[in-house]
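# Descriptive analysis of the structure
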Amino acid sequence: MKKSPAPLRAAVVGAGGIARGSHLPALAALGDRATVVALVDVDTESLHRTADDWSVPGRYTDLDAMLRTEHPDLVVVATPPGNHRETAVAALDAGAWVWCEKPPALSLAEYDEIAAHEREGGPYAAYVFQHRFGSGAERLRAQLTDGSLGRPLVAVCHTLWYRPPAYFDVPWRGRWETEGGGPTMGHGIHQMDLLLSLLGDWHSVTAEMATLDRDVRTEDISLAMVRFSSGVVCSVVNSLLSPRQSSYLRFDLSDATVEVEHLYGYGNDDWRWTPAPHVTDTDRVAGWPPADDVRSSHAAQLASLVGSFERGERPRASGADGRRSLELITGMYRSALTGRTVLRSELTGDDPFVAALHGGDPEGATRRLHAGARPDVEESSHA
């Protein structure tokens, strides 16, 4: 009788809402494939409350001490973005795989620094892009691969969310040095990652950004036109000022339109396949939606990641595959802050926007974004 593999030993860094609401439930859903051996947080009250609620035995306020003592197989990074790089690097150097919340890092340079600590066969660092893993997206991905819906032509990718002014009272939000950017970075990245995972590499981007209403250093709204290497043209909008919230993607192909509208996660009922007028085969159309209904979720992605761990292979949403969305985001900031179209090929290691999304001038970037709210006012008047 074949012996079952030992449960994966997981540690969670960060005991806040995303750990309690998403990561710990996802780990619990793995059953005997994983066990949570430790929790790390500098807030001792939150640490012990969360550990008590989830029966986690190891409780640490120091990451290095946890790594030395517990030797976890997987470290889940559920901290604010400014801590992602150092936490991921420490975990990889200790031999642990990493699953890190979005955004992966504050810049492409930080992302590449994390990747430099990976090793062939593992450990690897993967990132939370759970919308790739629902059955609707998986079905559309297969259809794009086999061409059964025709050629993709036009796409729409909108993250229209609402965050009240009080949301930004949290000190690290809305600041270049701790969040990296605004909704383009911290919120729209989920839908943009799904878009890119379906349509592949992008070629060029033309973007506009502005700070219209919130007291932040970064933008609170962005818009872009993206051209893909395949020729597909896409409009992208990211907002934190939209009272009727929606996450919406649309793909117009030569034989069909495929849409999904949800907020923070979708099931099959949130997807719609609409045939083009010339497609009249009802049996063909009836077979387009997925048969199984798997919601997009942390649990769905984590199950895939653990499968990769058990096989010793690179997981999805890691390496070059996980880098693509941050690369597009970097191009969007570069375009909006320089006022010109950006080619993907321009984002090389010596580009200042690769090092930081403000391009090395955070004060100047903030002035430009605030000036963008009043196009009749010259930027120089805000200097």
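See the structure above.
Note that the structure is a prediction, hence the values are computed from the model and not measured. Counting starts from 1 at the beginning of each chain's written sequence and moves along it residue by residue. The model is predicted, so local features are restricted to residues of pLDDT at least 70 and side-chain atom pairs to those at 80 or more, both for listing and for counting; the totals for chains, interfaces and linings are taken over all residues. To obtain the side-chain values, all non-hydrogen atoms of the structure were included, while hydrogens and water were left out.

## Topic: the overall build of the protein chain
Here is the rule: Segments assigned H or I by DSSP are reported as helices when at least four residues long, segments assigned E as strands when at least two residues long, and all are numbered from the N terminus. Our radius of gyration is a C-alpha quantity, and the globule rule it is checked against amounts to 2.2 Å times the number of residues to the power 0.38. Only protein chains enter the area calculation, which uses a 1.4 Å probe; residues under 20% of their type maximum are buried, those over 50% are exposed, and those in between are partly exposed. The criterion used for residue contact is that any of the two residues' heavy atoms lie within 4.5 Å.
When helices and strands are counted, the protein chain shows 14 helices and 14 strands. The globule rule puts the C-alpha radius of gyration for 383 residues at 21 Å, and the 21 Å found for the protein chain is close to it. Each of the three principal axes of the protein chain carries a C-alpha extent, and together these read 65 × 60 × 40 Å. Relative to its full complement of 383 residues, the protein chain shows a buried share of 55%. In the protein chain, the proportion of contacts linking residues at least 24 apart, taken out of those at least 6 apart, comes to 69%.

## Some thoughts on the sheet that holds strand β14 (residues 342-343)
The criterion, for reference: Any two strands with at least two DSSP bridges between them are considered paired. Lines fitted to C-alpha atoms define the axes, with helix axes restricted to the stretch in contact, and inter-axis angles between N-to-C directions lie between 0 and 180 degrees.
Overall, mixed pairing links the eight strands, which are arranged β13-β12-β11-β7-β10-β9-β8-β14 in an open sheet. Either end of the sheet is taken by a strand with one partner, and the two such strands are β13 (271-275) and β14. Relative to β13, strand β12 (residues 256-262) is paired through five bridges, and the arrangement is antiparallel. Residue pairing in the sheet places Val260 in a bridge with Trp271 of β13. Sitting on the sheet, helix α6 (residues 135-146) is in contact with β7 (152-162), β11 (241-253), β12 and β13, with an inclination near 30 degrees to β13.

## Here's the deal with the packing of aromatic side chains
Convention followed: Only Phe, Tyr and Trp rings take part, Trp by its six-membered ring, and two of them pair if their centres are within 6.5 Å. Stacked means planes under 30 degrees apart, edge-to-face means over 60, and tilted covers everything else. Definition used: whenever NZ (Lys) or CZ (Arg) falls within 6 Å of the ring centre and also within 35 degrees of the ring normal, the charge is taken to sit over that ring.
With the rule as written, the count across this model stands at eight aromatic pairs. Through successive ring pairs, a cluster of aromatic residues spans Trp97, Tyr124 and Phe309. Over the ring of Tyr167 we find Arg173, and its NZ or CZ is 3.8 Å from the ring centre. It is Arg214 that lies over the ring of Tyr162; its NZ or CZ is 5.3 Å from the centre.

## A short note on the side chain of Gln301
This is how it is decided: Here a polar contact is taken to be a pair of N or O atoms separated by no more than 3.5 Å, where protein atoms must pair a possible hydrogen donor with a possible acceptor and residues adjacent in sequence count only if both atoms sit in side chains.
Following the sequence through the fold, Gln301 ends up in helix α11 (residues 298-311). Residue classification places Gln301 among the buried residues on the basis of a relative accessible area of 1%. At 2.7 Å, the side chain of Gln301 and the backbone oxygen of Tyr127 are in polar contact. Those residues within four positions of Gln301 in sequence are excluded, and the remaining contacts are Trp99, Tyr127, Val128, Phe129, Gln130, Phe133 and Ala317.

## Topic: the sheet that holds strand β4 (residues 74-77)
In space, the six strands of this open sheet follow the order β3-β2-β1-β4-β5-β6, with parallel pairing throughout. What marks the edges here is a single partner per strand, and that holds for β3 (58-60) and β6 (125-127). Averaged over all pairs of adjacent strands, the angle between their axes in this sheet comes to 25 degrees, without regard to strand direction. Where strand β2 (residues 34-40) and β3 come together, three bridges link them in parallel fashion. Opposite Ala38, over in β3, you have Gly58 as the bridge partner.

## Quick word on the environment of Gly186
Along the polypeptide, Gly186 turns up in helix α8 (residues 183-186). Considering only alpha carbons, one finds Gly186 and Leu106, 80 residues apart in sequence, at a separation of 9.8 Å.

## Digging into the packing of helix α9 (residues 189-199) against helix α12 (residues 319-338)
Worth spelling out the cut-off: Relative orientations are named as follows: roughly parallel for angles under 35 degrees, roughly antiparallel for angles over 145 degrees, roughly perpendicular for angles from 65 to 115 degrees, and oblique for any other angle. Two helices cross in a left-handed way if the nearer one is turned anticlockwise from the farther one by less than a right angle. They cross in a right-handed way if the turn is clockwise. Amino acids are sorted into nonpolar (Ala, Val, Leu, Ile, Met, Phe, Trp, Tyr, Cys and Pro), charged (Asp, Glu, Lys and Arg) and polar (every other residue, Gly among them).
One can describe the packing of α9 onto α12 by two numbers: an axis separation of 9 Å at closest approach and a directional angle of 115 degrees. Classed by the angle they form, the pair α9 and α12 counts as roughly perpendicular. Both α9 and α12 take part in a crossing whose hand is right-handed. Together, Ile189, Met192, Asp193, Leu196 and Ser197 of α9 and Arg324, Ser325, Leu328, Ile329 and Met332 of α12 make up the contact between the two elements. In the contact of α9 with α12, the residues fall into six nonpolar, two polar and two charged.

## Looking at the pairing of β4
Under the convention used in this document: Here is how to tell: hold the view so the strands point away, follow the path from the first strand over the helix to the second, and if it runs clockwise the crossover is right-handed.
Side chains Leu74 and Val76 of β4 all project onto a buried face; the interleaved residues Val75 and Val77 project onto the opposite face, where all are buried too. As judged from the four bridges shared by strand β1 (residues 8-13) and β4, these two strands associate in the parallel manner. Each residue of the ladder has a partner; that of Ala10, found in β4, is Leu74. Across four bridges, the pairing between β4 and strand β5 (residues 97-100) is parallel. When the bridges of β5 are listed, Val76 appears paired with Trp99. Crossover connection from β4 via helix α4 (residues 84-93) to parallel β5: handedness right-handed.

## Considering α9
Counting buried positions along α9 yields 11 of 11 residues, so the element is predominantly enclosed. The complete set of buried residues in α9 reads Ile189, His190, Gln191, Met192, Asp193, Leu194, Leu195, Leu196, Ser197, Leu198 and Leu199. Directly beyond the C-terminal end of α9, a positive phi value near 85 degrees is found at Gly200.

## Let's talk about unusual backbone geometry
For the bond running from Lys102 to Pro103, omega is -15 degrees, close enough to zero to count as cis. The residue His71 is not glycine, and still its phi comes out positive at about 50 degrees. Looking at the secondary structure, you find His71 in the loop between α3 (63-70) and β4. In the Ramachandran plot, Ala317 falls in the positive-phi region, its phi being about 60 degrees despite a non-glycine side chain. Relative to the elements of secondary structure, Ala317 occurs in the loop between α11 and α12. Judged by its relative accessible area of 0%, Ala317 is buried.

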